[in-house]
Amino acid sequence: MITAAIPISHLSLNLLILIVPLIALSSPTCALPYFTEVCGYKGPVYMTYPTKALAPLMLEDYRKVMVDRRGEEEQFTTDNISECMKKVIAVDLKQTVLVDKDLQIRAYYAGHVLGAAMFYAKVGDSSMVYTGDYNMTPDRHLGAAQIDRLQLDLLITESTYATTTRDSKYAREREFLKVVHKCIAGGGKVLIPTFALGRAQELCILLDDYWERMNLKVPIYFSAGLTIQANMYYKMLIGWTSQKVKESYATQNAFDFKNVRDFDRSMIDAPGPCVLFATPGMISGGFSLEVFKRWAPYETNLVTLPGYCVAGTVGHKLMSGKPTKINLDKDTQIDVRCQIHQLSFSPHTDAKGIMDLVTFLTPKHVMLVHGEKPKMASLKERIQSELDIPCYVPANCETVGIPSTLYVKAHTTDTFIQSCLSPNFRFLNKNPENTSDLALENGNTTSRLQVTDDRVGDGILVMEKHKMATVIHQDELLHLLGDNRHEVQFAYCCPLQVDELYKSSSAYVVAELFTELSNYLPGRNIQNSGEHLQVESFRASTCLKDECPYRRTKSATTMYFCCSWSAADEKLAWEIISTMEKWHLTSETSKPSTPNYS
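Residues numbered from 1 in each chain as written. Predicted model: local features only at pLDDT ≥ 70, side-chain atom pairs only at ≥ 80, totals over all residues. Heavy atoms only, no water.

Side note on unusual backbone geometry
- With an omega of 0 degrees, the peptide bond between T279 and P280 qualifies as cis.
- Within the element layout of this structure, P280 appears in the loop between strand 13 (274-278) and helix 8 (286-295).
- Located in the positive-phi region is T362, a residue other than glycine, with phi close to 40 degrees.
- The topology assignment puts T362 in the loop between helix 10 (351-361) and strand 18 (366-369).
- In this model, D388 sits at a positive phi of 55 degrees, which is unusual for a non-glycine residue.
- Tracing the backbone through its elements, the reader meets D388 in the loop between helix 11 (373-387) and strand 19 (391-392). (Helix = DSSP H or I, 4+ residues; strand = E, 2+ residues; numbered from the N terminus.)

Considerations on the side chain of E60
- As for its position among the elements, E60 is in helix 2 (residues 49-69).
- At 3.1 Å, the side chain of E60 forms a polar contact with the side chain of T78.
- The contact partners of E60, leaving out residues within four places of it in the chain, are T78 and I81. (Polar contact = N/O pair within 3.5 Å; in protein donor to acceptor, adjacent residues only side chain to side chain. Contact = heavy atoms within 4.5 Å.)

A closer look at the pattern of salt bridges
- Per the counting criterion, the structure on display carries 18 salt bridges.
- A salt bridge links D335 to K325; the nearest nitrogen and oxygen atoms lie 2.5 Å apart. With a gap of ten residues between them, D335 in strand 16 (residues 332-335) and K325 in strand 15 (residues 325-329) connect regions that are remote in the sequence.
- Given the relative accessible area of 44%, K325 is considered partly exposed.
- R382 serves as the salt-bridge partner of E386, at 3.2 Å between the closest nitrogen and oxygen. A residue pair is termed a helical-turn pair when its members lie 3 or 4 positions apart in one helix, as E386 and R382 do in helix 11 at four residues.
- Judged by its relative accessible area of 32%, R382 is partly exposed.
- Three or more residues are tied together by salt bridges with common partners; here these are E60, R63 and E74. (Salt bridge = Lys/Arg side-chain N within 4 Å of Asp/Glu carboxyl O. Buried < 20%, exposed > 50% of the residue type's maximum accessible area, 1.4 Å probe, protein only.)

Focus on the nonpolar core
- Of all hydrophobic cores here, the largest spans 68 residues; its most connected members are M118, F176, L207, W211, V275 and I383.
- Per-element tally for this core: the top contributor is helix 5 (residues 199-214), with eight residues.
- Filtering out sequence-adjacent residues up to four positions away, I383 remains in contact with M355, V358, V366, L368, D388, I389 and C391.
- Among the nonpolar cores identified, the runner-up in size contains 28 residues, and L517, L521, A573 and W583 belong to it. (Core = buried A, V, L, I, M, F, W, Y, C linked by side-chain atoms within 4.5 Å.)

Here's the deal with the sheet that holds strand 11 (residues 220-223)
- The strand order across the open sheet built from six strands is 12-11-13-10-14-17, with neighbouring strands paired in parallel fashion. In this open sheet, the two strands that pair with only one neighbour each are strand 12 (260-263) and strand 17 (339-342). Strand-to-strand twist across the sheet, computed as the mean angle between neighbouring axes with direction ignored, equals 25 degrees.
- Here four bridges tie strand 11 to strand 12, and the two strands are oriented parallel to one another. The partner of Y221 across the bridge, within strand 12, is R261.
- Of the strands in this sheet, strand 10 (189-193), strand 11, strand 12 and strand 13 are in contact with helix 5, which crosses strand 13 at around 165 degrees.
- This element, helix 8, spans strand 10, strand 11, strand 12, strand 13 and strand 14 (302-305) of the sheet and lies at about 150 degrees to strand 10. (Pairing = 2+ DSSP bridges. Axes fitted to C-alpha atoms, helices over the stretch in contact; angles between N-to-C directions.)

Quick look at the packing of helix 15 (residues 506-520) against helix 16 (residues 570-582)
- Across the interface, helix 15 lies against helix 16 with an axial gap of 11 Å and an inter-helix angle of 125 degrees. Between helix 15 and helix 16, the crossing angle belongs to the class labelled oblique. Crossing angle aside, the handedness with which helix 15 passes helix 16 is right-handed. The segment helix 15 lies against helix 16, with L513, E516, L517 and Y520 engaging E575, I576, T579 and M580.
- Grouping the constituent residues of the contact of helix 15 with helix 16 by class yields five nonpolar, one polar and two charged. (Parallel < 35°, antiparallel > 145°, perpendicular 65-115°, else oblique. Left-handed = near helix turned anticlockwise from the far one by under 90°. Nonpolar A, V, L, I, M, F, W, Y, C, P; charged D, E, K, R; others polar.)

Concerning the side chain of S288
- Relative to the assigned elements, S288 resides in helix 8.
- The class of S288 is buried, set by a relative accessible area of 0%.

Details of the packing of helix 10 against helix 11
- Where helix 10 contacts helix 11, the axes come no closer than 12 Å and their chain directions differ by 40 degrees. Taken together, the axis directions place helix 10 and helix 11 in an arrangement best described as oblique. For the crossing formed where helix 10 meets helix 11, the hand is right-handed. Together, A351, I354, M355, V358 and T359 of helix 10 and L379, R382, I383, E386 and L387 of helix 11 make up the contact between the two elements.
- Broken down by class, the residue content of the contact of helix 10 with helix 11 amounts to seven nonpolar, one polar and two charged.

Quick word on the environment of E381
- Inspection of the secondary structure puts E381 in helix 11.
- Given the relative accessible area of 48%, E381 is considered partly exposed.
- Along the chain, E381 and C391 lie ten residues apart, while their C-alpha atoms are 8.0 Å from each other.

Observations regarding the sheet that holds strand 28 (residues 538-542)
- The six strands are arranged 26-27-28-29-25-30 in an open sheet whose pairing can be described as mixed. In this open sheet, the two strands that pair with only one neighbour each are strand 26 (526-528) and strand 30 (584-585).
- Where strand 25 (residues 489-498) and strand 30 come together, two bridges link them in parallel fashion. Across the sheet, Q497 pairs through a bridge with H584, a residue of strand 30.
- Helix-sheet contacts for helix 15 involve strand 25, strand 26, strand 27 (532-535), strand 28, strand 29 (559-566) and strand 30, and the interaxial angle to strand 26 is about 165 degrees.
- The strands that helix 16 touches are strand 25, strand 27, strand 28, strand 29 and strand 30; relative to strand 25, the one it contacts most, it runs at about 15 degrees.

In structure tokens, the structure reads:
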């Protein structure tokens, strides 16, 4: 037996990874302990090694912010985090993990933050990539996202900056350094609200290098806590950083900042200029909000927002236009007189990066997530119009069916294999235009047959319960079913307009009809036996019956030809019959001569 793979298209398959016991994480998610310990998810959890190292820190920090600083109800405990992390399985980049016999996953470098990864998942013959957050542009501390060119049924991509195309990275860095330098030169304080993981390290490398070159003595501070711990992991996991950081590691660790030091809360009102990195990045609470309340009323100070801010946060209000006052709640109002500066230092890819990834992977379908609805709709239209790829923007809890390709493995019988190896001759009349000049000079224009041999396996796929699928020859099916062959034949008695002069010479009429059909069907192998014509299964011969069951009309001035054909040649048959019914043999159109039976 020979095993074959037969494509069966347009079968709707559910490509959601959670139909099997699996969660693959590209970066820490604060819902994970709730999902595993409260909701009761029992399957494995896959993370990259850096994500596994950082996840407990990030989860605990989130828990503290929600409970201690916002006063919200506790969703999970420290013990929940510990139990959750016991379920985690760490994976390397490009390591293929067989979750079970049907499912495999593979992680690819995403560049967003330390440890971030895109995950490729293949279920049977259906495959998809879920990007998570990613960045297609390298920066100072991380490289750009990297992925193989894969055959995908579906690409699920983030769309945070669905309609934004950022300018040059170097131009953004120069502008950032310029406004920071101007502020501290005027004696002001610079607040940089940023996330502890990613942007803090990127901007610290940039400022530390600038301070060295300009020999500046103004202090740069980290808010103590999570950022310090994150820096420790960056120092250890150099292999996940940018090429420049790797190359300089032998002489200096890029995360040993010479001009950056810890910050103490007692220093908030200390006189003199400074630069402070404080979390969280959107000024949604925590230490960055505490500092903002104290520094915002002074015109000499600066708040620079380096990343994306969700609607409803203080950061978003500042980015939407400089307000003079911000109401935190009914009892708290902040006077805003400080300078506001917005820079796009977000680790998310922009619209160009998303389009570049979709173009590179050319999936059969694209799904957009993690974005704002109007901007996602705009990107969807662009993907569909420019790349001609179906795109979906599902709402929360909405189910989307994605058609995919399924390959069924099947055995083949010896008879089917032999039929594929046997000649499949096809005879075509040689085109007269290709006749050589020598043949024309000799007056030899007799049509010639062109022989082709297209060997196509024509078989039947048999699928029986509890048995492997088998491809058999069509003749074997009758034996399998214990039945005899039944062929469907069609018949029609076709009227021909023939002058009385030629009605008694059926052979001549057949010869003239042969000439007419040869002109109408160039390249077809039309056989003329003198008594009948045959093209493929179509056969036409003069009908001498007075009462033919296949005749629709009767006329004494008409000559009839009985036609028959198989179902496979239905279209060809009616084309020939249409030509015959329109044809009219008269003395003006034909001069009697010796019939040609060739």
